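Observations on the model geometry
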Amino acid sequence: MATLKVHQNGKIKEAEADLGEVLLNVLRDNGFDIYSPCGGNGTCGKCKVLVKGEGIVTSCIFTVYDSMELVLPDKREAKVLVAQHAHTIQLPLMPGPAGDLSGYPHGVAIDIGTTSLVFYLVNLITGTVVETRAILNPQAKYGADVISRIQFTASQKDGLQVLQREIINVINQELVHLVQFGGISANEIIKITIAGNTTMLHLLLGVDPLSLALAPFKAQFLDEQLRRGSELEIKCFPGAEIKILPSISAYVGADIVAGLASIAPSENYHNYLFMDIGTNGELALVTGDRIWCCATAAGPAFEGARISCGMGAVEGAISAYGDDGYIVLGDEKPAGLCGSGLIDLVAWLCENKKIDSEGQLDHDFLIVPASGSGTGEDISLNQTDIREVQLAKSAIASGIRILLKQSGLTFDQLDSLFLAGGFGNYINIDSAIRIGMIPYQLKDRIIPLGNTSGTGALAALKSTRFDDAMKAVISKSILVELANDDDFAMEFAMNMLF
Ligand code: FES
């Protein structure tokens, strides 16, 4: 047995460990969140901690051999977008029969994202949103993207239960805050609606997600799922209706269905593109009677994973870069680059001829020297990082072109490009166009919508009529498998260029 003295955020905590145990596992078991986007596979290099007397170690491959003193990176506050969008569908307040279960009925809409969760507490008599909360998804410590989390469930004994427990626990933890804030009892939460991608919903219900990651990529369920609060051990009225919104496919989930159904643009918008860039990149091209949709393998590069100096959009992240220098989130020294900063920097490097059209970087680009960074290490961008950006932006740009081809439309015929997700709100559009992620043809028609998935979950909570809007989305949707399209490989190669 060894004793670990762990320093974080100015506090010290002790933890016991067996000799030979993997340090990352010990830290997780003792409640420390260590960012580990590759899921502990030893490939991302993000789970580093300082072991006194040893130096910086990769915690997922470092084994405890003696009692030791550790310093963990400080926890940083997340910036998560929670606001509603301006094109939201308007429906009458009709929460359904669950509304009769309490004299003071409340409901909670939840958007379970791969990176973050958003909660809305709603008074179901008035329809008022009483409180909104956002928190990072605690499953992220087992992998940044859905594939690494599915791998975790397949490779670890009880892996599925671990991930399910993480999500139920964080929901319960947030419900406690919501109930306190709203001055209500848990029994007055009589309805919960949940949107999320297909993998997140499988993990929530404890359904094996492995088939989502293996060809032919089938989900165990796509239809709406109804459960009771007691079945999922959620801290609400035990008979509360827990409504899991429906999905289209393994990679076009309820987050996209709810998001698309939440949009009610004015009559000026007949044909439009919808882009949700998060840990996955989902696209939809909407016309009057059809919705062509696809999921791109954009990967989590824009969420900071797989980029050597990448990090999430939390305090300390460089969120913008240009001729005048950089902007850091919060009152912190820079610690790395988040997605918007990464796109700005790559655009700037292209513009200043430090990257050629094929993505060749003349040498590693130093953004902040160790002396000025919050980590005590250089913050720089290398050739491998540029390749990751190329793969991600090409996946998105190629997906857009294939959807256009399949629909028979041209850029001129699109009335708008709606950008969903927090990322869509924070990126600099000019930079995204400069690197070729967003087509320049749509430059003047781009409208950021914010968290459409959360908006959809909220609409589903407030009105059973939203079910019809989601059914309409599903019945009009045509799933486009990009890899099966003859032009995809050529498009992908072309869109790799800057
Ligand atoms: S290298 Fe340890 S989690 Fe990725």
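The structure presented is a predicted model; accordingly, all values stated were derived computationally and were not measured. (Residues numbered from 1 in each chain as written. Predicted model: local features only at pLDDT ≥ 70, side-chain atom pairs only at ≥ 80, totals over all residues.)

Time to look at the environment of Gln-413. As for its placement among the helices and strands, Gln-413 is situated in the loop between helix H8 (383–407) and strand E20 (416–420). On the basis of neighbour count, Gln-413 is assigned to the exposed category, with 12 C-beta atoms found within 10 Å. Along the sequence, Gln-413 and Tyr-272 sit 141 residues apart, while their C-alpha atoms lie 8.6 Å from each other. (Helix = DSSP H or I, 4+ residues; strand = E, 2+ residues; numbered from the N terminus. Buried ≥ 20, exposed ≤ 12 C-beta atoms within 10 Å, placed from the backbone.)

For strand E6 (residues 106–112), the tally of buried residues reaches 7 of 7 residues, placing the bulk of the element in the interior. Of the two faces of E6, the one lined by His-106, Val-108, Ile-110 and Ile-112 and the one lined by Gly-107, Ala-109 and Asp-111 are each fully buried. Two elements, E6 and strand E7 (residues 116–123), share 7 bridges in a ladder whose sense is antiparallel. Paired with Ile-112 across the strands is Leu-117, a residue of E7. If you look at the hairpin formed by E6 and E7, you'll find 3 residues sitting between the two strands. In this sheet, strand E9 (residues 189–196) lies alongside E6 in parallel orientation, the contact comprising 7 bridges. In the sheet register, Gly-107 faces E9, and the bridge partner there is Lys-191. (Pairing = 2+ DSSP bridges.)

Split into domains, the protein chain comes out as domain 1 (2–71), domain 2 (97–257 + 455–463) and domain 3 (309–381). Placing the centre of domain 2 and that of domain 3 at their C-alpha centroids yields a distance of 34 Å. (Domains from an automatic or database assignment.)

Further remarks concern the sheet that holds strand E21 (residues 446–450). The mixed open sheet is built from 6 strands, whose spatial order is E21-E20-E12-E13-E14-E22. The sheet is open, and its two borders are formed by E21 and strand E22 (477–479), each paired with just one other strand. Put simply, the sheet's adjacent strands are angled 20° from each other on average, direction ignored. Pairing between strand E13 (residues 281–286) and strand E14 (residues 291–296): 6 bridges, direction antiparallel. Note on E14: the bridge partner recorded for Leu-285 is Trp-292. (Axes fitted to C-alpha atoms, helices over the stretch in contact; angles between N-to-C directions.)

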